[in-house]
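Structural overview for review
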Amino acid sequence: MAIIHHTTLKPTKLELLTDWLPTRPWYRGGSGAPVLTKSGGFRLDDPEGEVGIEFMVATDTSATEPTAYFVPLTYRGAPLDGAEHALIGTMEHGVLGKRWVYDGCHDPVLVAELLSLIEGRAQAQAQSINDTPDPEVVHSYSGAPFTLDGFTPEPADDADGTRLPLPHGTVLQVHRVLVPVPENPPLRPEGALGHVARGWQAPDGSRPAALFMTLRTA
């Protein structure tokens, strides 16, 4: 079980994302810096207890119409070998010291636990409360168990989000820009093998829900 420390972060997560988000091809903002608020998300536990795993919804309110971004993150006590390109930044944690923050789609620990969630073997955890399952996260999967022996994540960003090729000829589409759907909880799209979905807190006080990730055949 991950322990959530309520302490200082310098810089904060949102400050790191303010610089990083505009460098992504799926970023929808203009030339100015985004104005971000943390709008929700969930966590997963690393069985080894070494890597923090968070799935954050960060909303940019700099434009007339707010945009909600879905950002998987990992927090490590040392650099992840071979993942320099995926480093979002470093921060000083008031309890744990220096932490390296990564785009979690490139982190094999996050990917392994995410697939465990999709398969129903891992439990989504509340974003800010210790040892508390998050019942709002919905997920589905219809396929063979994933085998990750020798697997290395090689995600690719484009204007639509992040495509993460997986074993068994499947691809996980990470929906970086969240588009609310009318049904809550969101249903698995037709033809998809699996999905992950949840709601979040919008700036106007409403609580939209959307697909966070969709699993399909390649």
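Summarised in this report is the structure supplied together with it. Note that the coordinates shown come from a computational prediction; the quantities given were computed from them, not determined experimentally. (Residues numbered from 1 in each chain as written. Predicted model: local features only at pLDDT ≥ 70, side-chain atom pairs only at ≥ 80, totals over all residues. Heavy atoms only, no water.)

Attention shifts here to the overall build of the chain. Each helix and strand counted, the chain has 2 helices and 12 strands in total. When the helices and strands of the chain are placed in sequence order, the string is β-α-β-β-β-β-β-α-β-β-β-β-β-β. Against the globule reference of 17 Å for 218 residues, the chain gives a C-alpha radius of gyration of 16 Å, in line with a compact fold. With respect to the principal axes defined by its C-alpha atoms, the chain has extents near 45 × 40 × 35 Å. Counting all 218 residues of the chain, 49% fall into the buried class. Contacts spanning at least 24 positions in sequence make up 57% of the contacts within the chain whose residues lie at least 6 apart. Roughly 10300 Å² of accessible area belongs to the chain as shown, and the carbon and sulfur atoms make up 52% of that amount. Charge-centre separation for the chain: the mean point of 16 positive side chains lies 2 Å from the mean point of 27 negative side chains. (Helix = DSSP H or I, 4+ residues; strand = E, 2+ residues; numbered from the N terminus. Rg over C-alpha atoms; globule rule 2.2 N^0.38 Å. Buried < 20%, exposed > 50% of the residue type's maximum accessible area, 1.4 Å probe, protein only. Contact = heavy atoms within 4.5 Å. Areas by Shrake-Rupley, 256 points an atom, 1.4 Å probe, with all protein chains shown as cover. Lys, Arg positive; Asp, Glu negative; His and termini not counted. Charge placed at Lys NZ, Arg CZ, Asp CG, Glu CD.)

Here we come to the sheet that holds strand β1 (residues 9-10). Spatial ordering of the open sheet is given by β1-β5-β6-β4-β3-β2, a layout of 6 strands whose pairing is antiparallel. For this open sheet the edge positions go to β1 and β2 (36-44), each flanked by a neighbour on one side alone. Where strand β5 (residues 87-93) meets strand β6 (residues 97-103), 6 bridges bridge the pair, whose relative direction is antiparallel. When the bridges of β6 are listed, T90 appears paired with W100. Sheet strands in contact with helix α2 (residues 108-119) are β2, β3 (52-60) and β4 (67-76), and its direction is about 85° off that of β3. (Pairing = 2+ DSSP bridges. Axes fitted to C-alpha atoms, helices over the stretch in contact; angles between N-to-C directions.)

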